[in-house]
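If you want the building blocks of each chain, they are given just below.
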Amino acid sequence: MSLNTNQLLSPQEEMSRGSEAKSPLRMAVNRFLHNRMAIGSVIVLLIIVLLSLCAPLLTHWNPTTQDLMNVSQPPSAKHLLGTDNNGADLLSRDLYGGRIDLLIGFVDMIIVMGISLLLGGLAGYYGGWVDAVIMRVCDFMFNFPFILLIIVLESIINTTSVWLLVGVIGITGWPGPTRIIRSLFLSLRDAEFILATRIAGTGTWRIIVRHMLPASLGPIVVNATLQMAGLIGAEAALAVIGFGVKSTTPSWGNVLNSSMDYFTLSTEPWAWIPPALLITLTILCINFIGDGLRDAFDPTFQK
Amino acid sequence: MAEVLLEVEGLKKYFPIQSGLLRRTVGHVKAVDDVSFQLNYGETLGIVGESGCGKSTTGRMLMRVMEPTAGRIVFDGQDLTKLRGKQLKAVRRNFQMVFQDPYASLNPRMSIQDIISEPLVVNGIVTAKQSEPIVVQLLETVGLRARDRFRYPHEFSGGQRQRIGIARALSLHPKLIVADEAVSALDVSIQAQILNLMVSLKSEFNLSYIFISHNLAVVKHISDRIAVMYLGHIVELATKDEFYNHPLHPYSEALLSSVLTPSRKVRRERIILTGDVPNPANPPRGCPFHTRCPKVMQECRVTRPVLRDIRAGHSIACHLHA
Amino acid sequence: MIAYIIRRLLGMIPMLFAITVFVFLMMHLAPGNAIEAMINPRIKDIAALKQQLEIQNGLNLPLPLQYWHWLINVLHGNFGWSFGQHEEVTQLLGPAMYNTLILAVLSEILILLIGIPVGILQARSPYGKFDYTVSTASFVLFSVPYYVFAIFLIYLFAIHWHVFPAQNSVGTGPLAGTFVDHIWHAMLPAISIALTNNTVYSRYTRGSMLDVARQDYVRTARAKGIPERVVYSKHVFRNARIPIVTQLGFDLGGLLGGAVIIEGLFSYQGMGYLTITAVSQRDYPVIMATTLIFAVCVLLGNLVADILTAVVDPRVRYN
Amino acid sequence: MADVVDKVEPVVSVRDLRTYFIHKAEEVRAVDGIDLDVYRGQIVCIVGESGSGKSMTALSLMRLVPKPRGKIVSGKIMFHGVDIMQLSEAEMTKLRGNEISMIFQEPMTALNPVLTIGDQIAEVLVHHRRVGKRETTAKAVEMLQFVGVPRAEQVLREYPHQLSGGMRQRVMIAMAMICEPKVLIADEPTTALDVTIQTQVLQLMRKMRDDFGTSIILITHDLGVVADMADQVIVMYAGQVVESANADALFEEPLHPYTIALLKSVPTIDQETEVLYYIPGSVPDATEFPTGCRFADRCPLAMASCFETAPEVREVRPGHLVRCHLVD
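Residues numbered from 1 in each chain as written. Chains lettered and ligands numbered in written order. Predicted model: local features only at pLDDT ≥ 70, side-chain atom pairs only at ≥ 80, totals over all residues. Heavy atoms only, no water.

### Quick notes on the interface of chain B and chain D
It is common to report an interface's size as the accessible area lost on association of the parts.
Right, so step 1: Across the boundary between the two partners, chain B contributes 38 residues, which contact 47 residues of chain D.
Right, so step 2: When chain B packs against chain D, the two sides together hide about 3600 Å² of surface, and 54% of this comes from carbon and sulfur.
Right, so step 3: For the interface between chain B and chain D, the tally reads two salt bridges.
Right, so step 4: The shortest N-O distance in the salt bridge between Asp-248 of chain D and Arg-264 of chain B comes to 2.9 Å.
Right, so step 5: Between the two partners, chain B and chain D, sit 18 residue pairs in polar contact (both at pLDDT 80 or more).
Right, so step 6: Contributing elements (two or more residues each) for the side of chain B that touches chain D: helix 6 (188–204), helix 7 (216–222), helix 8 (240–245) and helix 9 (250–258) of chain B.
Right, so step 7: At eight residues, the largest contribution of residues to the side of chain B that touches chain D is made by helix 6 of chain B.
Right, so step 8: Of the residues belonging to the side of chain B that touches chain D, the class tally is 16 nonpolar, 11 polar and 11 charged. (Contact = heavy atoms within 4.5 Å. Buried area = accessible area lost by both parts, 1.4 Å probe. Salt bridge = Lys/Arg side-chain N within 4 Å of Asp/Glu carboxyl O. Polar contact = N/O pair within 3.5 Å; in protein donor to acceptor, adjacent residues only side chain to side chain. Helix = DSSP H or I, 4+ residues; strand = E, 2+ residues; numbered from the N terminus. Nonpolar A, V, L, I, M, F, W, Y, C, P; charged D, E, K, R; others polar.)

Below you can see the structure in the form of structure tokens.
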């Protein structure tokens, strides 16, 4: 067994190495890149993200400046989408507003998935009492749905700061994905290829990192996108019943909420249709991406 | 050469049956109940039996991936059931396993190179880089090409995957390989390839095998000694010739008479057993086989016969031959 | 079956205990206590009054003892006094629960009448034109948040066409307060809930039907010469409905607890609306009551789901 | 045994049956030109390895090829002088379970888990015989007793998961035989069962043939089962029949190199062999069969011509058909 590796590799073999090695991950990436709806959604989503990030370049209106002399203006050259009940420019509120929703969607997705991976992973890998405890906590959390928990927590914490809202959503959103990740790990734990690697003497850490995480990558990523779609909508859901961030802060939910009166709804469609469309479009794009990811990771999945 | 490699004594695996509100244990499924045998260096022991007889559970306990309820597993002079952590890892490389399902036993996301070299790397024998020539040699040993190591499991057929599984098991140069239904999922023509490979590897690598299978013809082909299991017990343990020429336990007789041979000339007298294997959660009193045994006596319904030597190299658990 | 239900009900006790402890603690973690919420901070001798009231209300007792008193009260149906609405909490709960019940049942009926049949139709001829159109439409509809639906429904049905009211759970006029009036007011919120859920249920039904249609026993049924119509109604649907029935049970629990956002949006005076009002007034006794009832509804919903599953699945029934 | 076989006119006669799976541009030729004759009371075994098309042949005979991808593209399936390919779906439904029945490999998954055994047996009679409830129950009990299910009346009220594997397969047979069909197709009926149970089930199937004169098409990969049961044997490879003969003749003197190799590669308990014979390589991909003989690149006796032209089936001896260039 003292052969030099290089001697074993003929030039043809080296050549064929690239084309022959079809790693499942690379195949998944390829499938995703060939999914037109998914790629189109990625582009649209990027545009929405860019619009919010570059809001200062696109409009000179400050979204928080109120002008009580010019409330509820219809669209004009000055205010492309008119002004709201406080006289703030609606276009700039729509553009800046995306920042909060996208921030909540993205940051909370990471918080929620992080907690879920940790707790679900522990429960699924170790089983036994660890699993029992974590699952009981999950069951407990399920008795208080997400929105209810948030508004009750808000009444206790008594704040409308953006980061506190991010925190509250983050620490209430994990039970669902935790259950999913737990069952993934639980089924993997007894998979024959995991058994084989345990017999070979592989340690726990390596089994989790090298075998179980890659094997559950597909479902985890798909779940993360679904979570993100839900979380992006959460801010607006809270805002329309008056529990979102401070009403002067621009957010899609706040723009929507400030149009929730008979007069605005019936006569000023430019006030409420754009934020409604933006939220819907963003969620739609993320769902299409999630769908594309699922097809990419699991080509046998039948819709 | 008749040195003992593995000695199993009083091995048991009971799975609790829980019921009710407080998850109280109301009984046990006695998957493996008091199994003892020895395996010599260079020997192949075939374990046969029908589904649910406890043969796979025995194999998993030997591999130390399932904790026995009771009993000792002495491997090369060391009691495996007492070892933990680092000590266990140190002896672990001496026994490896080949699985039934060639599609489930290889990680679909790892290249063949990574799959075969993993045991070497995690045991600190070589680094991932150094392992390449070893992997090449192992692949050639099991009849695959060197360049196959860059490919992934989904690109191989069932038989080829089973070869990869064998290469992985061989990588640590184990003394014992437990093969659990290793050829059952394969077509006959492929099954023959794998059986031949396993036979030739045995002498090449000085291996001992425990070959678990429901197929008596396959077991006969590869084994030196045969253990027949029924409802968690070994009911007969004999050398191959003794067993196939003079089976003594009524269950073994029935089992052998049920084996169909692809020939119109051999017409065996069939012993047709009535009924099904009893539920292992609620095994019959006395001899586990008495509910189906054509030669049942009063004693069989009361006391369980123990496994004892009838003659050199042949022991059975049956009141008929007391 | 009855023994099973009793066992399950007893099994809920630890969870109920945990929930009540949680709800109780939540109130005590809240900034300020019930007394502060009750009295006018500008009155004289506030400290003495506070102390007096605290003793009166048992707030000076150790926490476990306070919990015990509270629990005993709750078990007697006494949830305390609403500071926000100056009424017994129990008085507020009655009408709110009635309204929420109407809304929940109405939405479930809409789901049963639309979501599930659409899914069945899709599964009968999968990958066809109808299936493709409905699948695409429901994927898009699924991405529309329910509050956006609600706003569009208000715009169309309430503002534009004046068909259904968009506010309150009862109206004025000769029919005010009748059952019909209640239903009429529950229509828009129920449709909003059902729209999103319908897409979920039709996808779910379709998936479950297609999954079952691939099973060996469906092939057996065909091999026995059972007409295709019967194969679907008897063999496919009876198996496909199992996960759907379970899900319906779960969802019913959630809906009975009150649809917070939708009720808030329509000012529909159900449990969700009551919670929102209480939260904005920091009316803790009401919050505690609604949260507790919500949790109990979810638990009962789970129980109903399990019972329904056992009814339709003999494998569960016999284990 | 032979006295039950009536060789006048075949009950089932198949000519040039082709069943393909079409998905996008790919065409999987699962069954690619099968001829088959089954006489009254005969047990015909179709033997082959996985991917040989034997199960798809069975489903084609029932016209139950999985839709929408699977399709019988050509062929004639004569049942009692009627070409069932010409029947409407409604007429075919009347035939299934009544005149031609089928049982499957996994008795666990082949029975509906939410219906009682009684329901599942009764519905066959309800749809084909239109008899009353009491008569149905009586008939079901009788049939269950006939196939050796103890406590038959109680079993009628039980669900599949309450029975053992062997009992489930007996129930399947009872269900398939309750209308006393002329043909029973059994697709690997004993593969999922233990050997001692296999013996019971095979014995039961023989009894069915003897008592009802039913013709049985038995599909299996196990040459032991073939030797035990068959009157006539059809060996399939890559969607085609490679050899077809009377069972005694086939085991006495197999002629196709594939049949010979297959028989040699099975370990038996009757002889000792140091090294098992084996067939190198694996079955060709059904989307692109070679132009020549499909077995050529695994065949130890392949000649140049085998790679060029595909051999036709030839009657080498009376009743012994072989698809091979070597046997002329």
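From this point, things continue past the structure.
### Here we look at the environment of Leu-256 of chain C
Residues and elements named next belong to chain C.
Right, so step 1: Within the fold, Leu-256 resides in helix 10 (residues 228–256).
Right, so step 2: For Leu-256, a relative accessible area of 27% puts it in the partly exposed group.
Right, so step 3: In sequence terms Leu-256 and Ile-111 are 145 residues apart; their C-alpha atoms lie 15 Å from each other.
Right, so step 4: When sequence neighbours within four positions are dropped, the list of residues in contact with Leu-256 reads Thr-100, Leu-101, Ala-104 and Cys-297. (Buried < 20%, exposed > 50% of the residue type's maximum accessible area, 1.4 Å probe, protein only.)

### Examining the arrangement of the chains
Right, so step 1: There are five pairs of chains in contact here, and the one with the most contacts is chains B and D.
Right, so step 2: In this structure chain A stays clear of chain D, and the shortest span between their C-alpha atoms is 14 Å.

### Re the sheet that holds strand 7 (residues 183–187) of chain D
Residue and element names in this part refer to chain D.
Right, so step 1: Across the sheet, eight strands lie side by side as 6-7-8-3-9-10-12-11; this open sheet has mixed pairing. Since the sheet does not close on itself, it has two edges, and those belong to strand 6 (100–103) and strand 11 (313–317), each with one partner. Strand-to-strand twist of the sheet, defined as the mean angle between neighbouring strand axes without regard to direction, takes the value 20 degrees.
Right, so step 2: One ladder, built from four bridges, connects strand 11 with strand 12 (residues 320–323); its direction is antiparallel. Bridged to Glu-315 within strand 12 is Leu-321.
Right, so step 3: Seen against the sheet, helix 1 (residues 54–61) touches strand 3 (43–47), strand 6, strand 7, strand 8 (215–220) and strand 9 (232–237) and runs at an angle of roughly 150 degrees to strand 8.
Right, so step 4: Packing against the sheet, helix 7 (residues 195–212) makes contact with strand 3, strand 7 and strand 8, and its axis sits at approximately 155 degrees to strand 8. (Pairing = 2+ DSSP bridges. Axes fitted to C-alpha atoms, helices over the stretch in contact; angles between N-to-C directions.)

### Section: the confidence of the model for chain A
Residues and elements named next belong to chain A.
Right, so step 1: Mean pLDDT over chain A stands at 86; residues scoring 70 or higher make up 91%.
Right, so step 2: Mean pLDDT across the secondary structure elements of chain A bottoms out at helix 1 (residues 5–8), with 37, and peaks at helix 4 (residues 36–53), with 95.
Right, so step 3: Contacts for the low-pLDDT stretch residues 1–20, under 50 throughout, to residues beyond four places or in other chains number 20 contacts. (pLDDT = per-residue confidence, 0-100.)

### Some points on the domain arrangement of chain D
Residues and elements named next belong to chain D.
Right, so step 1: Domain boundaries assigned for chain D yield domain 1 (2–99 + 179–327) and domain 2 (100–178).
Right, so step 2: Averaged C-alpha coordinates put domain 1 and domain 2 at centres separated by 28 Å.
Right, so step 3: Contacts between the two partners involve 35 residues from domain 1, matched on the other side by 24 residues from domain 2.
Right, so step 4: Approximately 2500 Å² of surface area, both sides summed, lies buried where domain 1 meets domain 2, with 68% of it carried by carbon and sulfur atoms.
Right, so step 5: Broken down residue by residue, the surface that domain 1 buries against domain 2 is led by Cys-179, Leu-204 and Met-208, which jointly contribute 23%.
Right, so step 6: Along the contact surface separating domain 1 from domain 2 lie one salt bridge.
Right, so step 7: Linking domain 1 with domain 2 are 16 residue pairs in polar contact (both at pLDDT 80 or more). (Domains from an automatic or database assignment.)

### Digging into the pattern of salt bridges
Right, so step 1: Inspection of the entire model under this criterion finds 49 salt bridges over all chains.
Right, so step 2: Notably, a salt bridge pairs Arg-60 of chain B with Glu-192 of chain A, separated by 3.9 Å at the nearest N-O pair. Here Arg-60 of chain B, found in helix 1 (residues 55–62), pairs with Glu-192 of chain A, found in helix 11 (residues 192–199), and the two come from separate chains.
Right, so step 3: In this structure, the salt-bridge partner of Glu-89 of chain D is Arg-96 of chain D, at a minimum N-O distance of 3.1 Å.
Right, so step 4: A relative accessible area of 3% means that Arg-96 of chain D is categorised as buried.
Right, so step 5: Three or more residues are tied together by salt bridges with common partners; here these are Asp-16, Arg-18, Arg-29, Asp-32 and Arg-294 of chain D.

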